[in-house]
Structure formats: C-alpha cells, structure tokens
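Next come the chains, spelled out residue by residue.
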Amino acid sequence: MSDPSEKTPPPPVLLGVESVSRSFGGIQALWQVSLQVRPGTIHSVIGPNGAGKTTLFNVITGAYKPDSGRILYRGEEVQGRKVHELVRLGMARTFQNVELFGSMSVLENVLVGQHVRTRCGFLGAVGRWPWVKREEAEARRKGMELLEFVGLEEFASQRSEDLPFGWQRFLEIARALATAPRLLLLDEPASGLNAVETERLGDLLERIRKEGITLILVEHDMSLTMGISDAILVLHQGKKLAEGTPREIQSNDAVIAAYLGSER
Amino acid sequence: MRQFTFAAAILALGLTVSQSYHLQLLTFIGIHTLLALGLNMLMGYAGQISLGHAAFYGLGAYGTGILTVHWGFSPWAGLPLTLALTFVVAFLVALPMLKLSGYYLGMGTLGFGMIAFVVFREWSSLTGGDSGLVGIPALDVGGVSLSSGKAGYFLVWACVLLAFFACERVVDSRVGRALRAIHDSERAAAAMGIDTSRLKVWVFVFSALLASLAGFLYAHLVTFISPNSFDFLVSVRIVTMVVIGGMASIWGSLLGAAVLTILPEWLHVFTDYEMVVYGLILMTIMIFLPQGLTRGILDIHERSKRKDTAASSAPRS
Amino acid sequence: MLQEVLQYFFSGVTNGAIYAVIALGFTMLFGTTGLINFAQGEFVMLGALGLITLWKGLDLPLWLAFVLSTAGVAATGLLLERLAIRTVRKPHPIVLVIITIGASILLKGIAMLAWGKDARSAPPFSRHPPLEVAGATLLSQSIWIIVIVVLVVLALQAFYRKSLTGKAMQACAINQKAALLIGIPSERMTLLAFALSAGMGGIGGILVAPVTMSSYDMGMLLGLKGFCAAMLGGLGSSWGAVLGGMLLGILEALGVGLFSSSLKDAIAFFLLLGILYLRPSGILGEKAVHRF
C-alpha cells in the first residue's frame, strides 16, 4: 500500500468537522458537532443508538449534505461533494451491514476498489492495448497483496457472498484499502463479529494505522474502541457529549450517566 | 478459445445449412443476438432497464435507409454516419434519463421509444410512413452482394462474433467490473469512487450503438423497413430475450435471441392460438426460472450435482 | 375560434376522464404493491368487449351489463395475481414486468379467440340530444363518462377515508413491512388491489366502448396512455391520476385540433418525458420516490 502524496508535509489536521448540523424532517439528527482528526490516529465515535453516529458518518463521506457547518479535508472544504469525488481525494468507507459486490469474486471486489487508481475505459477494454494489460496485471498483484494483508488470499476466486459473515467484513476493509485512502472510515466494523474475530480486527486496524492511514471508527463495541483509539467522541441525541482519550471518556460522569450507565 | 469454437460453429453451420428459410432464420437470430447483447450490457451488467431499445434499432435502420434511398449515400458511408447519429441521440437521451432509477427509467425509455415510433410512422416524406421505406440497396463488396442467403448469414454472424468478443472483453475489465458493481450495490459502487451516473450513460450509449448496428444490418438485408418492426412490442421482445436468456450472461443473449426468434416461427402451427401460447410460455418461464434459462438450467444442474454429494458437502449459507 | 377551442376542450375532458380511470387503476396497484401492471390496457379492452357482448349481444339491461363486465374484469385481475404474480419466489421487478407483459399477450390472444379480429362498437348509453354550450356541443355520452368517473373517484375516496380496508390498504402503501407487523394481511391487500385496479381498467373500457371502435388489440395504447397520465399526476396519488388524465386528455385534444393529428399518439409520451425530466415524482406526487 502506498500513500498517494508523500511530498506535501502532512497538515496538522487531516479532517476537520466544524459545527455540522443536519436534520431529517423535524428530527435534529446532528446539532453543531465538531471533530478534529489528526493524521495517523485512530478516532472513534461512540454513542447509543440514534445518537447521530451514522448521520455524522454519512455527512463526512458525502452521502448526506450538512444543513450547516463545514467539513475540511486537508484544509479544503468538501461538504456536499459527491461520494465518488471524495474517494478520489482519498476518503474510503465501509458499511454497517457489509455491502460487498455479492456476485463477484473476492479478488474482483478488491479490483473494483482500485477503480479510481486505474484508468482503462470502454475502448481500452475492447482494445486491450499493452498498457491495459500491464495495468490489469498490476491491479491483480496489488489486489492479492491486500487480500494477504487481511488474510483472505486463499479465497481470492470464491464468490464473495459465499464467504462467512466475519470474513466478508475483512474483505470489505481490504476493498476500501484498495482505493488507496488517506482516511478510512469504518461503520461499526465489529458488529456481527465474534470475540476472536474482533481481536483480529483490532490487530488489523493497528496494522492499517502503521501504514500511515488515518482511521475513524463508528462503534458500539466498547472493548474494541477503548483498546485502540487515540481519541473518542461521544455523541448523545445528535450533540457532542464528551471528547477525549479513552481514559478520560471512561471516567467522564456525563458519559457514564448517559451511555455506559444506561446501557451496560 | 471459446471464441474459436464459436467461430468454428458459425462457419460449420453456415457451410452445411443450405435451405434458404433456415439460413434466413439463422441470420435473424444473429441480428436479434446483437440487440439482446447490447441490452444485456445495460440490463444484466449495469442493472438499468430500457423499454425503448427498438428506437435505436429503428434509428440504425431508418438512418441508413434514408441516407441511401433519399440522399444516394453508399451503405458503407452510411454506417459511420448512422452510428454517429445514434451516438449523439443516445447520449442526449441518456444524460437526463439515467438520473432516474428503476421503473422511472423504464418509463422514460418507453416514452422515448414511443416517440421514435410515431416519428418513423408520421414523418412520411422521409420514412415513407406506414407503407414503409422501400428500395434500400443491398450491401456489397466490390460488386459481390452480401445480402442474400449465405453471404448475409456470414456478414451478420461476423458482426455477432465481433460484438461477443468486444462484450466479453468489456465485462472482464475495469469498466465491466464497475458495471457489475453498480448492479450489485450502487451505494457501494459509489463508495469505491465509481461515477455511477456517468458510467451508466456510457453503457447506455454502447448498447444503443449495438442496437443501431443491428438495425443497419436489418435494413440492408431486408431492403424494406416499416415502422411496425420498431414498435413497443419489439422493445419488449428485446427485453424478453435478455431476461429469458439470462441477465448478465453473454451467451444467454444468444440463447434468448434464438428462443424468441424460433418460437414465433414454431408457434405458427398454433395459428389462432399463437398469442395465447406465446403469452403462456413467457409467463411460465418467468415464474419458474426467473433467472432466465441459462442460470435456471445451471441451477438445476448444480442442484442435481449437489444431491449426489449431499452427504460430504459443507453447509452453504 | 373560442367555440372551436371549447369543442376540443369537451372532447379532451371526455378522453381525459377515461385516461383518469385507467390511471387510477395503475396508481392504486402501484401504491399498494409497488408494481406496474403492463396488462392494465388489456383490462380496458376486456371491459369494452365484455360490455358490448353483454349489453348488445345478450340484451341485458345496461346497468347489469356494466356491473357484470366490471366484476368479470376484476375477477380476471384476481386470477392474474393468484396464478402468476404470487407464484414468483424472487420477485425481481423486471421479472414481474415481463410476467405482466406475458399476461397482456395472453389476454389479448384469448380476446382474439373469443371475439375475433373485427372491431365492434356500442351505441351511446342513452339517446339524449347533445347539449349546446356557447356554440360547442357536448354529447350525452360525454356527460355519462364524466359523471361516472366522478362517481368512481368519490367512491374511491370514501373507500380510502372511511372503510377499514381502505385505510389498511393505504398503510400497506406507506410501509408494507410495518403494516404486516401491526397485523394487516398484506397478501390480501395485494389481491384486493389487483381486483380493484383491474375493475377500474374495466370501467375505463366500458366507458370508452361507445366512443371508439373496440377490438382485441385496443388495449396497449390506452394502457400506455393511462400510464402516462398516472406518471404525469404522480404515481401513487389518486388525485394525481385524475389530474394527469384530464391534463393529458385536454392537451391531446388541443394538440390535435390546433396543430396536427399526426402527432396525436406522441403527445402523451412527450408529456411523460417532460415530467420525468422536470419532476419525476409527478405533479402531485411525493418527492422522488425510489421504489424498485
């Protein structure tokens, strides 16, 4: 995996969310939420169901437009940009319920992930000029590398929907990594995973961070987030309740009352 | 390799079949295969329905027909012009249309198809109206006519072979994977950085071009065209070929085209009951094999294989 | 000139009322089941030919022929749902579309066997003299058509507003899963929607029988135009269907009268494309529905 821009010095803040609000027909899903993510960190967003986590996630990744507020990615305003443009800029995501391309093979899923980093079009596909063949071979090599990275290389030619659920999650992460992101957003990556798989996931996320990729997790599973996060944002009813290191969050009274106390 | 077998089969069939009725039937299967193949790229791979594909088929036929009959162009000069016209029209139609999804897209293309049909019928100074456009010249190469019997057969099937070749390559490429991704999950495809609306426009144009090519061949083979060959029911028939053959299956297009070309011929024996039987067959296939014949037969085959190895096989989710 | 326009307007309203009933059938089915039935036009054809046979062929009184014909078409709709639509296990929309197209071919074939290929016609419902309004004439059949369509619309509104079944049906339209959860049998609602929407098509056919020649192949174009009307007003909206039908009828009549008759059949589809480009949800429809 390579970071597409080594030359420019990393900005102090990779992603800045500045007092973003978003409502859905009378329901205020997000109210003036701000968030600063420094490069190379793992940032988690937690909160009870309906706290606005997924809305925040969708606003950042371009699926929704915020009603007000700004989203800065590497110093550039990106709110309201189309999803596919953000991917080109280096933002990748996974889905809460895993959305693989079910009819395609495991390797093909990862190849689709490289869409924005390759360029063969209709004419190239029909002509199969030498550069197209080279590009394809390179993409396959990279794809296999990524599958190895998440531990799925043996299943490269299997239909992706035939994989067990836990492996589908890892495949989805590999597919997102294939877009060569700087920032990877994971929507409840641990949901549906058993304890062993969750541990493997934590390990994988650490390794992804070591590659220089910044991570944002929206999570329910406290054991995972507390263990690996550098910073945690707690949302409650669409508003920021607390922000800080895992240790600070664990001892925050408001958090304990609103979230930890009521849920576990 | 498969391409070679296919080419050999085409060659063998062309050399052995001599009865002109059979040759004609095979030639029409070829033309319909082109239509189905194009639409399958749109429906099967990109998951977008078009209920107006006969419009592009007609555009190809009338385009070359008008150029050659009224303006004295040679067919070979007419071909690029006709394709260019189709390209422009398809692009302009697709641009706003593909923002729609599902039924709405189906309806938009249906509306376009009906308008094209009315134009073919009513612009009689150019199209000859209801009585049709007559006297379209046959294709020829250096004085040798390509439009009768065997020559026509080989011409059409050479085009089919090329189209197969092109489609197989497209499907197994970056573009093809992106199309299949849109079909599986448009949301996830966008999250992979695929500009889904742009890609849909291009695949629409691609499939329109294939339909237009089919129309071009049809016009010069039959040398007479009338609006009824391009009406709503023809659009429906193309969709049916794709679905019956099997969506997202290139070889299914061939199967679907063959079935829907031979079936009506065969149904002539039912005379007045023809429509009843045709409707029933269509419904039955869709009810029992909603994945189309190719997939359906494969499924049945797999199921029987699985039964044999049921004891040893691992549970599948 | 004004007189002429008024005359076109009258004929537009007459046709529009018929498009409106057909559109209501589309809308009702789509609202409840999310399905578009391409055999809707054949129900119109069956209604028309059924009426002609029962009324003129068997000499039944008009009201009885009306009721029996409508009921017969509704029963056909019921059969279609039972035998074809429900049996599909994985109902991909394209598959359902093709099944209804197959049904349409089948019904057309049956009608051809039953009634032959010749076109038939029915006399007007009554022999009242035409009404003179500002120099333009309004035929008694037009008045019949408009009155009956108004009655149908009112009855439908009452059904949706007042009856429990009607409310349940609307609940299905809003959210089928939720409706199922609170105990509304969505299967029965689907069945009912099919019967009602087929019956609506049948009424459209009955009304159109005295106005044009009826034959086994009349259904497709009427069905497609009714569909355009439904889209114009907004699929899923009953008032939208009425509005769309009227608008289509009037614009078509004016277009034919003032410009050229050769493009008559294209007008509906130009309107369809126009509305899809400008406002896919239709004039009265809710904001962009993504249902597939």
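Since the structure is predicted, the reported quantities are computational estimates derived from the model, not experimental observations.

Attention now goes to the overall build of chain B. Scanning chain B for helices and strands turns up 14 helices and 4 strands. Every one of the 317 residues in chain B was classed for burial, and the buried ones make up 55%. Taking contacts inside chain B between residues at least 6 apart in sequence as the whole, the part at least 24 apart equals 75%.

Next up on the list: the nonpolar core. The biggest cluster of nonpolar side chains holds 277 residues, and the ones touching the most others in it are A174 of chain A together with A20, V21, C228 and L272 of chain C. Among the elements that make up this core, the one with the highest residue count is helix α10 (residues 196-222) of chain B (17 residues). Every residue in contact with A20 of chain C, bar those within four places of it in the chain, is listed here: V149, A229, A241, V242, G245 and M246 of chain C.

Another aspect to go through is the pairing of strand β8 (residues 214-218) of chain A. All names here are of chain A. Judged by how many residues are buried, β8 sits mostly within the fold: 5 of 5 residues are covered. Where burial is concerned, the two faces of β8 agree: the one with T214, I216 and V218 and the one with L215 and L217 are both buried. Bridging between strand β3 (residues 42-46) and β8 involves 4 bridges; their strand directions are parallel. Paired with H43 across the bridge in β8 is I216. Judged from the 5 bridges that link them, strand β7 (residues 183-187) and β8 form a sheet pairing that is parallel. From the neighbouring strand, L183 faces β8, where its bridge partner is T214. Handedness of the crossover joining β7 and β8 through helix α7 (residues 195-210): right-handed.

All names here are of chain C. The pLDDT averaged across chain C works out to 83; a share of 94% of its residues lies at or above 70. Looking across chain C, the model is least confident in helix α7 (residues 176-181), with a mean pLDDT of 68, and most confident in helix α2 (residues 40-57), with 90. Predicted confidence for residues 287-292 stays below pLDDT 50, and this span has 13 contacts to residues more than four positions away or in other chains. What the predictor reports for the complex is a pTM of 0.84 with an ipTM of 0.86.

We now examine unusual backbone geometry. Residues and elements named next belong to chain A. Although it is not a glycine, Q32 sits at a positive phi angle of roughly 50 degrees. Along the chain, Q32 turns up in strand β2 (residues 27-37). Positive phi values are uncommon outside glycine, yet R74 reaches one of about 50 degrees. For R74, a count of 19 C-beta atoms within 10 Å puts it in the partly exposed group.

Residue and element names in this part refer to chain A. If you walk across this open sheet you meet the 4 strands as β2-β1-β4-β5, and the pairing is antiparallel. Of all the strands in the sheet, the pair left with one neighbour each is β2 and β5 (76-77). Alignment of strand β4 (residues 68-73) against β5, held across 2 bridges, turns out to be antiparallel. The residue bridging L72 from the neighbouring strand is E77, located in β5. On the sheet, helix α1 (residues 53-60) packs against β1 (15-24), β2 and β4 and is oriented at approximately 60 degrees with respect to β2.

Each value, and the rule that gives it
Residues numbered from 1 in each chain as written. Chains lettered and ligands numbered in written order. Predicted model: local features only at pLDDT ≥ 70, side-chain atom pairs only at ≥ 80, totals over all residues. Helix = DSSP H or I, 4+ residues; strand = E, 2+ residues; numbered from the N terminus. Buried ≥ 20, exposed ≤ 12 C-beta atoms within 10 Å, placed from the backbone. Contact = placed C-beta atoms within 7 Å. Core = buried A, V, L, I, M, F, W, Y, C linked by C-beta atoms within 7 Å. Pairing = 2+ DSSP bridges. Right-handed = clockwise from strand over helix to strand, strands pointing away. pLDDT = per-residue confidence, 0-100. Axes fitted to C-alpha atoms, helices over the stretch in contact; angles between N-to-C directions.

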